[in-house]
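# Observations on the three-dimensional arrangement
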Amino acid sequence: MRGILRSLWDEPPPPGVPGRRWWDWALAGVCASAALAEGALRPDLPWREATTAVVAGLALVLPWRRTRPLAAVSAAFTGGALLSLASLGQAGEMFTSAFLLLLPFALVRWGSGRQIAVGAAVVALAGSVDPALDASDTGLADGFGGAAVLFAAGALGAALRFRSRARLRELEGARLRERERIARDLHDTVAHHVSAMAIRAQAGQAVAPARPEAAVEALAVIESEAARTLDEMRTLVRALRRDDPDRAAPAPGIAGVERLATRPGPGPGVDVEVSGAVGGLPPAVAAAVQRLAQEAVTNARRHARNATRIEVRVDADDTAVRLRVSDDGEHGPGGPLRRAAEPPGFGITGMKERAELLGGTCEAAPAPGRGWTVTAVLPRSGGAA
């Protein structure tokens, strides 16, 4: 219990407290004018001049109800309590004083834990003045009724505060998920192209003394891969910019799978075949197929030794999309070979997670005899698992 009270006491104000606006002054002017009009139209109001002046004056604290909620509540309810003490409980009640309910609402909605606790104590002490001066049944009933109304205003402020905080948590969760998606896309995209450039550069260096034309061809492939890398990096940067209208640029999709194909030359060639009803795939499914194929090709180029060919096959029907990526290279007994200094990556794990998010499966295993095969099956509907 003590821990709960401590956490409530240490509760900070909510972020993004709005400042004073012109309509706050307009609201204060309207409430003050309404109080003056009511005082002029109610000649039988007890302590009419004093009550009207106090209520109209208290309307001027409304513009500070969000930025200074404790000061506004203290000024308003202390002023009302002083009026009751000065009149010995004989001052009348004005209908236009209902605007004072905005103050406890704003205190709970925008104040810190300490401000709410102190403000609640001020309201309780000020609200006990009238019942103390008028101990009759009517006075006690009015006191309980007023307390219930004030509690309802504070409860409404607490509900809106909780709702705003829940909304901020949802937005933050969405941002974190988007960053995770971008991190996966960054790994899938850049790793693929950089691996291709590294392999082409190594192959060009190896064959340059004997075949200068092969080195020139390797440079052309490196240039093409670098251009693709820059294009996709620009897309990811746009996605990270909140104010960029193009941040939600679509993924390459099935067209990106077809662009994985490379002509024979230094390094393993990539043969791509797309068949079936690939038209009309949901964007999420098409993007997942492209990312899975890209990651599988990247892994094959990076880890398959002595590979000469990588095959990418995509087939779609009315219910599912099937992807198969295989190579003819040499792999270790437990999976793709890695250099000793190379840390383990998130390639296969990310592929499985991406497939599972769409209700599909992804498996990677050695092929019979030689090579490595990655297979993925995604439901055409793209339903979450």
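Everything below is about the structure shown above.
Residues numbered from 1 in each chain as written. Predicted model: local features only at pLDDT ≥ 70, side-chain atom pairs only at ≥ 80, totals over all residues. Heavy atoms only, no water.

Before going further, it helps to spend a moment on the overall build of the chain. Looking only at helices and strands, the chain features 12 helices and 5 strands. Looking at the chain as a whole, 38% of its 385 residues are labelled buried. A fraction of 75% describes how many contacts in the chain between residues 6 or more apart in sequence connect residues 24 or more apart. When the accessible area of the chain is evaluated, it comes to approximately 21300 Å², of which 62% is carbon and sulfur surface. (Helix = DSSP H or I, 4+ residues; strand = E, 2+ residues; numbered from the N terminus. Buried < 20%, exposed > 50% of the residue type's maximum accessible area, 1.4 Å probe, protein only. Contact = heavy atoms within 4.5 Å. Areas by Shrake-Rupley, 256 points an atom, 1.4 Å probe, with all protein chains shown as cover.)

Before going further, it helps to spend a moment on the pairing of strand β1 (residues 269-276). For a regular strand, the rule is simple: side chains alternate between the two faces of the sheet. One ladder, built from 8 bridges, connects β1 with strand β2 (residues 309-316); its direction is parallel. Directly across from V274, in β2, lies its bridge partner V314. As for the winding sense of the linkage, the β-α-β connection from β1 through helix α11 (residues 283-303) to β2 is left-handed. (Pairing = 2+ DSSP bridges. Right-handed = clockwise from strand over helix to strand, strands pointing away.)

Hydrogen bonding along the main chain pairs the strands of a sheet, whether they run parallel or antiparallel. On the basis of which strands lie adjacent, the open sheet formed by 5 strands has the order β1-β2-β3-β5-β4 and mixed pairing. Each edge of the sheet is formed by a strand with only one pairing partner; in this case those strands are β1 and β4 (361-366). The mean angle between the axes of side-by-side strands here comes to 10 degrees, regardless of whether they run parallel or antiparallel. Here α11 sits on the sheet in contact with β1, β2, β3 (320-327) and β5 (372-379), set at roughly 10 degrees to β3. (Axes fitted to C-alpha atoms, helices over the stretch in contact; angles between N-to-C directions.)

Bringing the packing of helix α3 (residues 48-58) against helix α4 (residues 69-86) into the picture now. Pairs of packed helices are described in terms of their axes, by the angle between the two and the distance that separates them. Running from N to C, α3 and α4 point in directions that differ by 175 degrees, and their axes come no closer than 10 Å. As summarised for this structure, α3 and α4 are arranged roughly antiparallel, according to the angle between their axes. Here A50, T51, V54 and L58 of α3 lie close against α4, whose contacting residues are A75, A76, G79 and L83. (Parallel < 35°, antiparallel > 145°, perpendicular 65-115°, else oblique.)

Let us now look at α4. Under the 1.5 Å per step criterion, the end-to-end length of α4 is 26 Å for 18 residues, consistent within 8% with the ideal 26 Å. Within the span of α4, buried status applies to P69, A72, V73, A76, F77, G79, A81, L83 and S84. (Expected span 1.5 Å × (residues − 1).)

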